[in-house]
Amino acid sequence: MNEGLHPGPEQKFNLTEPVNLLEKNGDPRKRAWVLSLALLVREDWHKMTGKRGEGYRPSIFRLMKAEGLFEKKDTGERKHMAPEHMITVATGALALGKLLKEKIGLQDEDIQDLLLGGLIHDVNKDVEFRTVRLTMENESAGFGQAGYDLAGDVSEQKLRFAGVPEDIIKMHKMVGHASCPEIEEILEGKTELSEKEVIKILILHYIDDLVTSPNIIDPAITSDENSNRLNALDRRCIQNENNPAYEKYNLAWQKDSRNKTGETAFRMQRRVGHLVETHLADLLGVEDPLTLPAVIYSQMQKEIQENWARRKDK
Ligand SMILES: [Fe+2]
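Reading the values: rules and limits
Residues numbered from 1 in each chain as written. Predicted model: local features only at pLDDT ≥ 70, side-chain atom pairs only at ≥ 80, totals over all residues. Helix = DSSP H or I, 4+ residues; strand = E, 2+ residues; numbered from the N terminus. Rg over C-alpha atoms; globule rule 2.2 N^0.38 Å. Contact = placed C-beta atoms within 7 Å. Expected span 1.5 Å × (residues − 1). Buried ≥ 20, exposed ≤ 12 C-beta atoms within 10 Å, placed from the backbone. pLDDT = per-residue confidence, 0-100.

### Section: the overall build of the chain
Link 1 in the chain: Tallying secondary structure elements over the chain gives 14 helices and two strands in all.
Link 2 in the chain: The C-alpha radius of gyration computed for the chain amounts to 20 Å, which stays within 12% of the reference 20 Å derived for 314 residues, consistent with globular compactness.
Link 3 in the chain: Along the three orthogonal principal directions, the C-alpha set of the chain runs to about 60 × 55 × 50 Å.
Link 4 in the chain: Pairs at least 24 residues apart make up 66% of the contacts formed inside the chain by residues separated by at least 6 positions.

In structure tokens form, the structure reads like this:
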């Protein structure tokens, strides 16, 4: 075996340089980070669900496996990339939570909640995929909206059975355009939720809005043909708005009973996403809200680097 063809990680990467989170490159710091997330969440989960020595206590990756998220197609490709998406969301939520921790008095438990919320928020993707397919040609089902809603309800029931606390179940449902009417009410102070519950919901909602293919939080600011500045949130919503596969579903949201503005799904998601972004940027003292993805990206790099250093010290 030619060892030169298989350089060790230290040979291939400069492990003192900031980690690259925009491409899949086999950097060992990322693998170490994912393992640490799994351990952190397992501890947290056991604490929550094991009070009486009973209950459902999977590791997060066993739960994802049980939900069919690691299944492969006949071609050998993975059916779902939801685990990668959830790891990105969890990492982004943890990073933003840590940045806000000092400013607004979040506790370690709140950061753990964000981590768990991120790692379960799309655990129903396999069921969702099927329910959406069953309803996507049906106008009265909102061309797939009823499928998303049903999968969300099923997920809620399963997580409740698993002993996940109600505030985290609530958090996991507050992502995507369908949650936008309630997110807007929350921003206007029309809510019974506590201040901490609100901030955790806003963090998870915002981070989920930012993640683009291939499951990255892109820090770049670009501009469109009219020189409007666009960040990851804009690019994601524009891409969805222009995706022919989502056309009917995007328009059907205009007639949904939850929708009070008549916007399409992705226009609403973009507008409300920016409201949340401005709110979070204000709390953080970030002057230009459009740069919030870049601030989060840097903090994600920092968390991963610090985890690597802790691991190397052992
Ligand atoms: Fe998501």
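Once the structure has been displayed, the description carries forward.
### Some details on helix 5 (residues 108-120)
Link 1 in the chain: The terminal C-alpha atoms of helix 5 lie 19 Å apart, and with 13 residues this matches the ideal 18 Å at 1.5 Å per residue to within 8%.
Link 2 in the chain: Burial analysis of helix 5 places ten of its 13 residues in the buried class, which makes it a mostly covered element.
Link 3 in the chain: Among all positions of helix 5, only Ile-111, Gln-112, Asp-113, Leu-114, Leu-115, Leu-116, Gly-117, Gly-118, Leu-119 and Ile-120 are buried.

### Observations concerning the confidence of the model for the chain
Link 1 in the chain: Confidence in the prediction of the chain, expressed as mean pLDDT, is 88, and 90% of residues score 70 or more.
Link 2 in the chain: Here residues 1-6 scores under 50 on pLDDT; set against residues more than four positions off or in separate chains, the count is zero contacts.

### Things to note about helix 10 (residues 195-210)
Link 1 in the chain: An ideal rise of 1.5 Å per residue puts 22 Å on 16 residues; helix 10 measures up with 23 Å between its terminal C-alpha atoms.
Link 2 in the chain: Counting buried positions along helix 10 gives 13 out of 16 residues, so the element sits mostly inside the fold.

### Considering the environment of Ser-179
Link 1 in the chain: When you line up the elements, Ser-179 lands in the loop between helix 8 (166-173) and helix 9 (180-187).
Link 2 in the chain: Residues Ser-179 and Asn-259 lie 80 residues apart in sequence; the distance between their C-alpha atoms is 10.0 Å.
Link 3 in the chain: Not counting residues within four places of it along the chain, the set of residues in contact with Ser-179 comprises Lys-173, Met-174 and His-205.

### Brief notes about the environment of Lys-24
Link 1 in the chain: By the secondary structure assignment, Lys-24 is in the loop between helix 1 (9-12) and helix 2 (28-49).
Link 2 in the chain: Residue Lys-24 is classed as exposed on the basis of its 12 C-beta neighbours within 10 Å.
Link 3 in the chain: Remark: the alpha-carbon pair of Lys-24 and Thr-222, spanning 198 residues in sequence, is separated by 22 Å.

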